[in-house]
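Fold and geometry: a report
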Amino acid sequence: MTRSVISRRTLVKQGGAALAGLSVLRLAGPTHAFRGQSGGEVIPWLDQPEPNPAPEAIVQQLEWEQLDSWITPNDQFFVIKHFNEPQLREDDWHLQISGLVERPLTLTLDELKARARREVTFTLECSGNTGLPFFTGGIGNATWAGTPLAPLLEEAGIQEDGIEVVFWGADAGEQTWREVTITEQFARSVALADALNPDNLLAYEMNGEPLPNLNGYPVRLIAPGWYGVANVKWLTRIEVLDRRYQGHFMARDYVTIREEERDGETVWTFTSVAHDRLKSAPAKVTKQGDRYEIMGAAWGAPIAEVEVRVDDEPWQSATLGEGAGAEFAWTFWTYDWGTPTSGEHTVTSRAIAVDGDLQPAADDPLLAGKTTYWESNGQITRRVRIA
Ligand SMILES: Nc1nc2c(c(=O)[nH]1)N[C@H]1C(S)=C(S)[C@@H](COP(=O)(O)O)O[C@H]1N2
Ligand SMILES: [Mo]
C-alpha cells in the first residue's frame, strides 16, 4: 500500500510514465525498529515507500521515522536534480542580471556577500512530494541566508515593458520538443511582482554553511512560500522579459492538470505549480513504557491547529510544538495516543491554517480531479501495528 493521494488509475499512468526507460529497480531496504534520539522506540509504519526508480533525479529523501530535528541537517536534506550536477567554483562564478534592465549587472560571490544579509527559515517541499509511491520524503527545513533579491532588481532598473523574471541554473540536459532535440538549461520564471517580493533571497548559506553542492552551490534563489521548483539552484543569470517564459519546467513540466466541472460541463485546466499548499503528515509513532505518541509536521501556511484521527474515531487536537506560528517553516506536533489496543491502526493528520484553510481529504474533488501528481496536499494516512 502507498500513502499516495492520487487514484490508482492516475497512479498507474503517472507512475508508468515516470518509470518509463528505467529498468533497474532496487529492493527496498529492511525497516527495523530503532530508537529515536528524543527517546522512545520508533514503531515503523507498515506502509513504506516503494523503491526509488530514479535515484539520479531523486537523489535523497527525508526519512519520516527518523525525523527528530526541526532544522534538517544539510547532509540529510532532500535533493532533486533534473539534469547534471554542476561543479561551480567561486573564483569564476558570477551572477548576471540582464534582459530588460537599464543597467545590466554582473556580481561575484563576494559582492553578493557584501550586501545586506538576511535569513529565513523556510521548509522547502517538492511539489511532487507524496504524489508518487516512491516519493514521500521531498521535504526539509533549513535556515537560508543571503541577500534580498528585490533591491538588486531595483538597482538594475526594470524597463517599462518587463513583466517576467527568469532564473537560470547552470545545469542542462537534452530535451526533445516535437522532433527537435536540444540542450536546455534548467530555468524557472515568475511574474515581476512575485520576483520583487521582499522575502526572496539570493541564498549562499544553508544552516550556517555554504550551500552544499547538490543544493545549489554557490547561490540559489530562495522564494519562501513557493514549492521547491521555483527555488532555482546553481543560479547564473536572472533575466527580465516582456513575455512569459515557456521552457520545459514552466510550460511542460510542473504543470498541474485538473478535471473540473463548470456549469455542468467538464473542463480541463492547466496551471503552473506556484505557492506551497497547506499540508501535514504523521512522521512517526513512538513508544515509551506502555504509552504511545504520534509525532508529525504541518506546513505550507502558518499553522493554527493540527488534528489527528486514529482509525475512524473522531478528530482530536494535536499539541503544536517547535515552529508554531512560523511564517515559512513547518510546525512540529505531537499527539498523546495513550495505550491503544493491540493490532493494526491507521493514523491520519490534517492541518488547519491561521487563515482558516483546512487541508483537504485525500478524496476531495479538487484532488480527485487532478491527473498529474504535483501539488498532492491531501491528508496522509499511515498504518501501524501495535503489539
Ligand atoms: N538548477 C536547478 N534548480 C532546481 C532544480 C534543478 O533540477 N536544477 N530542481 C528544483 C526542484 S524540482 C526542487 S524540488 C528543488 C529541490 O531543492 P533541493 O535539491 O535543494 O532540496 O530545487 C529546485 N531547483
Ligand atoms: Mo521539485
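Here the residue numbers are simple positions, counted from 1 along each chain's written sequence. Working convention: letters from A go to chains and numbers from 1 go to ligands, in the order in which they are written. Local features in this predicted model are restricted to residues of pLDDT 70 or higher, and side-chain atom pairs are both shown and tallied only at a pLDDT of 80 or more, whereas totals for entire chains, interfaces and linings draw on every residue. To obtain the side-chain values, all non-hydrogen atoms of the structure were used and water was disregarded.

**A closer look at the overall build of the protein chain**
Spelled out, the test is: Helix numbering and strand numbering both begin at the N terminus, where a helix is a DSSP run of H or I of at least 4 residues and a strand a DSSP run of E of at least 2. Based on C-alpha atoms, the radius of gyration is set beside the globule rule, defined as 2.2 Å times the residue count to the power 0.38. The cut-offs for exposure are 20% and 50% of the maximum accessible area for each residue type, with area from a 1.4 Å probe on protein chains only; residues under the lower value are buried, those over the upper are exposed, and the others partly exposed. Contacts: residue pairs with any heavy atoms within 4.5 Å of one another. Throughout, the Shrake-Rupley method with a 1.4 Å probe supplies accessible areas, and for residues the shown protein chains are the sole cover considered. Charge counting treats Lys and Arg as positive and Asp and Glu as negative, with His and both chain ends excluded. Where a charge lies is defined by one atom per residue type, namely NZ (Lys), CZ (Arg), CG (Asp) and CD (Glu).
When you go through the protein chain residue by residue, the secondary structure sums to six helices and 24 strands. In terms of overall size, the protein chain behaves like a compact globule, its C-alpha atoms giving a radius of gyration of 22 Å where 387 residues would be expected to give roughly 21 Å. Buried residues in the protein chain amount to 51% of all 387 residues. Look at the contacts in the protein chain between residues 6 or more apart in sequence, and 69% of them connect residues 24 or more apart. As displayed, the protein chain has an accessible area near 17600 Å², and 49% of this comes from carbon and sulfur atoms. Computed over 34 positive and 55 negative side-chain charges, the separation of the two mean positions in the protein chain equals 4 Å.

**Considering the site of ligand 1**
Selection rule: Throughout, near means a residue has at least one heavy atom within 4 Å of the molecule or strand. Here a polar contact means two N or O atoms within 3.5 Å. Within protein one must be a hydrogen donor candidate and the other an acceptor candidate, and residues neighboring in sequence count only if both atoms are side-chain atoms. Only protein atoms enter the calculation, which uses a 1 Å grid: trapped sets of points that fit a 1.4 Å probe without letting it out are cavities, open sets showing protein on both sides within 12 Å along at least five of seven lines are pockets, and any residue with an atom within 4 Å of a point is a lining residue. A pocket or cavity is taken to hold a molecule when more than half of that molecule's atoms are within 2 Å of the pocket's grid points.
Taken together, 20 residues surround ligand 1, and among them Phe78, Asp171, Arg220, Lys233 and Tyr254 come closest. Here an oxygen atom of ligand 1 sits 2.6 Å away from a polar atom, N or O, in the main chain of Phe78. Between a nitrogen atom of ligand 1 and a side-chain N or O atom of Asp171, the distance comes to 2.7 Å. Taken by itself ligand 1 offers 530 Å² of open surface, and the protein chains cover 100% of this. Among the detected pockets, ligand 1 sits in the largest cavity.

**Regarding the confidence of the model for the protein chain**
What counts, and what does not: pLDDT gives the predictor's per-residue confidence on a scale running from 0 to 100.
Summarising the model, the protein chain shows a mean pLDDT of 91, and 90% of its residues fall at 70 or more. Low pLDDT, under 50, characterises residues 1–37; the stretch is placed with 64 contacts to residues that sit more than four places away or in other chains.

**Digging into empty space enclosed by the protein**
Inclusion rule: Grid points are joined across faces, edges and corners, and a volume is the space filled by probe spheres set on the points. Amino acid classes used here: Ala, Val, Leu, Ile, Met, Phe, Trp, Tyr, Cys and Pro are nonpolar; Asp, Glu, Lys and Arg are charged; the rest, including Gly, are polar.
Evaluated as defined, the whole model comprises three cavities of 30 Å³ or more. The calculated volume of the largest cavity comes to roughly 230 Å³. Forming the boundary of the largest cavity are 19 residues, of which Ile80, Arg220, Gly228, Asn231 and Lys233 lie nearest the centre. The class makeup of the residues in the lining of the largest cavity is 11 nonpolar, four polar and four charged. Space inside the second largest cavity adds up to approximately 50 Å³.

**Side note on the side chain of Asn200**
With respect to the helices, strands and loops of the structure, Asn200 is situated in the loop between α4 (192–195) and β11 (201–206). On the basis of relative accessibility, which here comes to 4%, the residue Asn200 falls in the buried class. There is a polar contact of 2.9 Å between the side chain of Asn200 and the backbone oxygen of Asp194. Within the local environment of Asn200, its side chain forms a polar contact with the backbone oxygen of Ala195, the two atoms lying 3.0 Å apart. Among residues more than four places away in sequence, those in contact with Asn200 are Thr147, Pro148, Leu149, Asp194, Ala195, Leu221, Ile222, Ala223 and Pro224.

**Quick notes on the sheet that holds strand β5 (residues 95–99)**
Put simply, the rule reads: Strand pairing requires that DSSP identify at least two bridges connecting the strands. The axes used here are C-alpha line fits, helices contributing only the stretch in contact, and every angle between their N-to-C directions lies in the interval 0 to 180 degrees.
One open sheet holds the five strands; their spatial order is β6-β5-β14-β9-β10, and the pairing between them is mixed. Either end of the sheet is taken by a strand with one partner, and the two such strands are β6 (105–107) and β10 (180–191). Pairwise comparison of adjacent strand axes, ignoring direction, gives a mean angle of 30 degrees for this sheet. Bridging between strand β9 (residues 164–177) and β10 involves 11 bridges; their strand directions are antiparallel. Note on β10: the bridge partner recorded for Trp177 is Val180.

**Structural notes on the domain arrangement of the protein chain**
This is how it is decided: Where each domain begins and ends follows an automated or database-derived domain assignment. Reported buried area values correspond to the accessible surface (1.4 Å probe) lost by two parts on association, with both partners' losses combined. Only one rule defines a salt bridge in this text: a Lys or Arg side-chain nitrogen within 4 Å of an Asp or Glu carboxyl oxygen.
Each domain of the protein chain was delimited in the assignment, giving domain 1 (8–38 + 56–257) and domain 2 (279–386). Computed over C-alpha atoms only, the centres of domain 1 and domain 2 are separated by 27 Å. Facing the 34 residues of domain 1 at the interface are 23 residues of domain 2. Each partner contributes to the roughly 2700 Å² buried at the junction of domain 1 and domain 2, and carbon and sulfur atoms together form 60% of this total. For domain 1, the biggest contributors to the area lost against domain 2 are Trp64, Leu67 and Trp70; these three give 25% of the whole. At the junction of domain 1 and domain 2, the tally comes to two salt bridges. Measuring nitrogen to oxygen at the nearest pair gives 3.4 Å for the salt bridge that ties Lys284 to Asp68. Our count for the domain 1 to domain 2 interface comes out at 15 residue pairs in polar contact (both at pLDDT 80 or more). When residues of the side of domain 1 that touches domain 2 are traced back to their parent elements, those giving at least two are α1 (8–19), β7 (118–125), β8 (139–148) and β15 (255–262). With five residues, β7 is the largest single contributor of residues to the side of domain 1 that touches domain 2. Considering only residue class, the side of domain 1 that touches domain 2 consists of 13 nonpolar, 16 polar and five charged.

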